[in-house]
Amino acid sequence: CKIVADAVTQNKTIVTLKLARNFIGISGGAALGEMLRINRSLEVLNVANNNIRSQGVSQLADGLSGNKTLKNLDVGGNGISIVGICLLLARCKECQWSSQQLS
């Protein structure tokens, strides 16, 4: 997942990235968080069913700071605790997305 995240980081044309069911785990969540911090074109990110867990979603959420382009984030089926969900929701609110969908 790190290779994909690195490739998408500076990409200006990819708007949808579907990585569902790829077993990216916690380290994949961290790599995608780094990518989201920089990327300014991605609108849809699907990382459902990847065993990201709360640790990985925490790092993914950190990457949302300042990201104004992401509109749809699917993190379903990742074994995320209520604390992880609350953290993710707080980041979404901080980003002030105009129309976002979190699932």
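This text follows the structure it describes.
Below: a short report on this structure. (Residues numbered from 1 in each chain as written. Predicted model: local features only at pLDDT ≥ 70, side-chain atom pairs only at ≥ 80, totals over all residues. Heavy atoms only, no water.)

## Overview of the environment of Ile-3
Here is step 1 of the chain: Relative to the helices and strands, Ile-3 is located in helix H1 (residues 2–9).
Here is step 2 of the chain: Taking the C-alpha atoms as reference, Ile-3 lies 30 Å from Ile-82; in sequence the two are 79 residues apart. (Helix = DSSP H or I, 4+ residues; strand = E, 2+ residues; numbered from the N terminus.)

## Topic: the packing of helix H3 (residues 53–62) against helix H4 (residues 82–95)
Helix-helix packing is characterised by the crossing angle of the two axes and by the distance between the axes.
Here is step 1 of the chain: Where H3 meets H4, the closest approach of the two axes is 9 Å, and the angle between their N-to-C directions is 10°. The orientation of H3 with respect to H4, classified from their angle, is roughly parallel. Residues Ser-54, Val-57, Ser-58, Ala-61 and Asp-62 of H3 form the contact with H4, whose own contacting residues are Gly-84, Leu-87, Leu-88 and Arg-91.
Here is step 2 of the chain: Of the residues in the contact of H3 with H4, the class split is four nonpolar, three polar and two charged. (Axes fitted to C-alpha atoms, helices over the stretch in contact; angles between N-to-C directions. Parallel < 35°, antiparallel > 145°, perpendicular 65-115°, else oblique. Contact = heavy atoms within 4.5 Å. Nonpolar A, V, L, I, M, F, W, Y, C, P; charged D, E, K, R; others polar.)

## Some details on the nonpolar core
Here is step 1 of the chain: Counting residues in hydrophobic clusters, the biggest one holds 24 residues, and the most contacted among them are Leu-32, Leu-45, Val-47 and Leu-60.
Here is step 2 of the chain: Within the residue set of this core, elements represented by two or more residues are H1, helix H2 (25–38), H3 and H4.
Here is step 3 of the chain: Broken down by element, the residue count for this core peaks at four residues, all from H2.
Here is step 4 of the chain: Setting aside anything within four residues of it in sequence, one finds Leu-32 in contact with Cys-1, Ala-5, Leu-17, Leu-19, Ile-24, Val-47 and Leu-60. (Core = buried A, V, L, I, M, F, W, Y, C linked by side-chain atoms within 4.5 Å. Buried < 20%, exposed > 50% of the residue type's maximum accessible area, 1.4 Å probe, protein only.)

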